[in-house]
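# Observations on the three-dimensional arrangement
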Amino acid sequence: MTDHTTNTALRLRPPAHRVSRRAIGYWAATAAILWIVLIGLQTVIVVTSDDPPSFLSVTLVISCVLAPLHLLVMPQWRYRVHRWEVTGEAVYTQAGWLKQEWRIAPVSRIQTVDIERDPFEQLFGLAKITVTTASAAGPLRISGLAHGRALELADELTKTTQAVRGDAT
């Protein structure tokens, strides 16, 4: 038997909270490292080759044009899109920048709550929370949270999950 009041309350909607503004710098820095490596490799090959293929020179120029555009647009765009919200009934997430994903997970389906911090996230004072559910779509992830807020959120989710009766399967 289905509880129709719960089904109407848990509708897919934009979550209320943005991630930390520090996530903009984190996303820009991680992308910059990849661009530096790519452009560096292309430059080394073009400069050290006696007769570099012309397509490689073209891709180097394209990379030098795309990198700054990507570093300016992507972090800001992701910041505007990435959102999260936790209520007594569900966890809502919205993420992505080219491919966007909206997810909702009822609290009664939560199995685990994990916090992760890679070295760059630690440098920027950020963390990500992974909420594992019984969903075939996989866990929900909230990236770009201030570390302190991530700790509070994990604690809140743990308490809320323990208070809600459900089978978490």
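Report follows, based on the coordinates. What you see is a predicted model, and the numbers here were worked out from it, not measured in a lab.

### Brief notes about the overall build of the chain
- Summing up its helical and strand segments, the chain has five helices and seven strands in all.
- A compact globule built from 169 residues would reach a C-alpha radius of gyration of about 15 Å, whereas the chain, at 21 Å, exceeds it by more than 25%.
- In terms of principal-axis extent, the alpha carbons of the chain reach across some 75 × 30 × 25 Å.
- In the chain, 56% of the contacts between residues at least 6 apart in sequence involve partners at least 24 apart.
- Here the chain displays about 10000 Å² of accessible surface, and carbon together with sulfur accounts for 61% of that area.

### Some details on helix α5 (residues 147–163)
- Taking 1.5 Å per residue, 17 residues should reach 24 Å; α5 reaches 25 Å between its end C-alpha atoms and fits that length.
- Within α5, the full set of buried residues consists of Ala-150, Leu-153, Ala-154, Leu-157 and Thr-160. Each buried residue of α5 lies within a common arc of 135 degrees when the element is viewed along its axis, so the set occupies one face. Across α5 from its buried face, at more than 90 degrees, point the exposed residues Lys-159, Gln-162 and Ala-163.
- Buried-residue contacts for α5 involve β2 (83–86), β3 (90–95), β5 (110–116), β6 (126–133) and β7 (140–146).

### A closer look at a nonpolar patch on the surface
- A contiguous nonpolar surface patch, about 520 Å² in accessible area, is contributed by Val-58, Val-61, Ile-62, Val-65, Leu-66 and Leu-69.
- As for its placement among the helices and strands, Val-58 is situated in helix α3 (residues 54–81).

### Let's talk about the pairing of β2
- Where strand β1 (residues 17–18) and β2 come together, two bridges link them in antiparallel fashion. Across the sheet, His-17 pairs through a bridge with Trp-84, a residue of β2.
- In the sheet, β2 pairs with β3 via four bridges, with the strands oriented antiparallel. Residue pairing across strands places Trp-84 opposite Thr-93, the latter belonging to β3.
- From the end of β2 to the start of β3, which pair antiparallel, there are three residues.

Cut-offs applied
- Just so you know, the residues in each chain are numbered from 1, in the order the chain's sequence is written.
- In view of the model being predicted, local features appear only for residues whose pLDDT reaches at least 70, and side-chain atom pairs are presented and counted only at 80 or more, with totals across whole chains, interfaces and linings using the full set of residues.
- Side-chain figures throughout are based on the complete set of non-hydrogen atoms in the structure, without hydrogens or water.
- In this text, helices come from DSSP runs of H or I with a minimum length of four residues, and strands from runs of E with a minimum of two, each type numbered from the N-terminal end.
- Our radius of gyration looks at C-alpha atoms and nothing else; its globule reference is 2.2 Å times the residue count to the power 0.38.
- We call two residues in contact whenever any of their non-hydrogen atoms come within 4.5 Å of each other.
- For the area figures, the Shrake-Rupley method with a 1.4 Å probe applies, and any residue is considered shielded solely by the protein chains shown.
- Under the convention used throughout, the expected extent of a helix is 1.5 Å for every residue step, that is, one less than its residue count.
- Partly exposed describes any residue whose relative accessible area lies between the buried limit of under 20% and the exposed limit of over 50%, with all areas from a 1.4 Å probe on protein chains only and scaled to the type maximum.
- Throughout, the arc means the angular range of directions from the helix axis out to the C-beta atoms.
- A residue counts toward a patch only above 30% relative accessible area and without a salt bridge, and it is joined to like-charged neighbours within 9 Å or, for Val, Leu, Ile, Met, Phe, Trp and Tyr, to nonpolar neighbours within 5 Å.
- Take a side-chain nitrogen of Lys or Arg and a carboxyl oxygen of Asp or Glu: if they are within 4 Å of each other, that pair is a salt bridge.
- For two strands to be treated as a pair, DSSP must find no fewer than two bridges joining them.

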